[in-house]
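Structure at a glance
As a plain string of letters, each chain reads:
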Amino acid sequence: MTEPFSVSVGVRGYETDSQGHLNQAVYLQYAEHARWSLLRAAGITQADLLGKGVGPVALENTIRYRAELRAGDETTVSCAFVWGERKTFRIEQIITKADGTVAATVSSLGGLLDLKERRMVEDPREYFRALASEPALLGL
């Protein structure tokens, strides 16, 4: 089995809170950055999705905080799509410190919204597969 897609993110000082650790909302920003980086690596841009008349939507996010992140820490944020049989899919992510310590996990439920009909598309895999030049990166 291959390693999941991942990106490196350095914790910047302005992202920390009054206790000196990464602000809780920033974990979602790191996760979102990794998701879009994976889509780009697979050959899909925001413009491609809009051109097909769809846009990704977040339906649920669960973050489990495991270890502090502080300014200057280097992290790796993994990203793997887990496809279901219906309109939604899961995205599983792990934010890991340079020493291998898991700082947080992010589990998300998402889908693709038909921007004209304002409804979820029936099979989001079809759209991703059609647009991707590297569908294997998305587990397709």
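Summarised in this report is the structure supplied together with it. (Residues numbered from 1 in each chain as written. Predicted model: local features only at pLDDT ≥ 70, side-chain atom pairs only at ≥ 80, totals over all residues. Heavy atoms only, no water.)

**So, the packing of aromatic side chains**
Enumeration according to the criterion identifies seven aromatic pairs in this entry. On the basis of an interplanar angle of 35° and a centroid distance of 5.4 Å, the ring pair of F81 and F89 is categorised as tilted. Within the aromatic cluster, the residues linked to one another by ring pairs are F81, W83, F89 and F128. (Phe/Tyr/Trp six-rings, centres within 6.5 Å; stacked < 30°, edge-to-face > 60°.)

**A look at unusual backbone geometry**
The phi angle of most residues is negative, glycine excepted, and most peptide bonds adopt the trans form. One non-glycine residue, R118, lies in positive phi territory at about 60°. You can see R118 is positioned in the loop between β5 (102–114) and β6 (119–120). (Helix = DSSP H or I, 4+ residues; strand = E, 2+ residues; numbered from the N terminus.)

**Considering helix α1 (residues 24–41)**
End to end, α1 covers 27 Å across 18 residues, agreeing with the expected 26 Å (1.5 Å per residue, within 8%). Turning to α1, its buried residues are V26, Y27, Y30, A31, A34, R35, W36, S37, L38 and L39. Measuring from the backbone nitrogen of A25 back to the side-chain oxygen at the start of α1 gives 2.8 Å, which picks out N23 as the cap. Following α1 by one or two positions, G43 adopts a phi angle in the positive range, close to 95°. (Expected span 1.5 Å × (residues − 1). Buried < 20%, exposed > 50% of the residue type's maximum accessible area, 1.4 Å probe, protein only. Polar contact = N/O pair within 3.5 Å; in protein donor to acceptor, adjacent residues only side chain to side chain.)

**Overview of the pattern of salt bridges**
On inspection of all chains with the given rule, the structure shows seven salt bridges. For E122, the salt bridge is made with K87, and the minimal N-O distance between the two is 3.5 Å. Residue E122 is found in the loop between β6 and α3 (124–131), and its partner K87 is found in the loop between β3 (74–83) and β4 (88–97); the two are separated by 35 residues along the sequence. The exposed category is assigned to E122, whose relative accessible area is 57%. (Salt bridge = Lys/Arg side-chain N within 4 Å of Asp/Glu carboxyl O.)

**A few points about the nonpolar core**
Y30, I44, L49, F81, I95, F128 and L138 are the most contacted members of the largest nonpolar core, which has 34 residues in total. Among the elements of the structure, β1 (5–10), α1, β3, β4, β5 and α3 are those that each provide at least two residues to this core. No other element matches the eight residues that α1 contributes to this core. Apart from residues no more than four positions distant in its own chain, F128 is found in contact with L39, I44, L49, F81, W83, F89, L112, L138 and L140. (Core = buried A, V, L, I, M, F, W, Y, C linked by side-chain atoms within 4.5 Å. Contact = heavy atoms within 4.5 Å.)

**Topic: the pairing of β4**
As a general feature of sheets, a regular strand has side chains that alternate between the two faces. Looking at chain direction, β3 and β4 are connected through seven bridges and run antiparallel. Looking at β4, one finds that T76 is bridged to T96. Where β3 folds back on β4, the antiparallel hairpin that results is connected by four residues. Note that β4 and β5 share nine bridges and pair antiparallel. By the bridge assignment, T88 is partnered in β5 with G111. (Pairing = 2+ DSSP bridges.)

Note that all results are geometric; they support no functional claim without further evidence.
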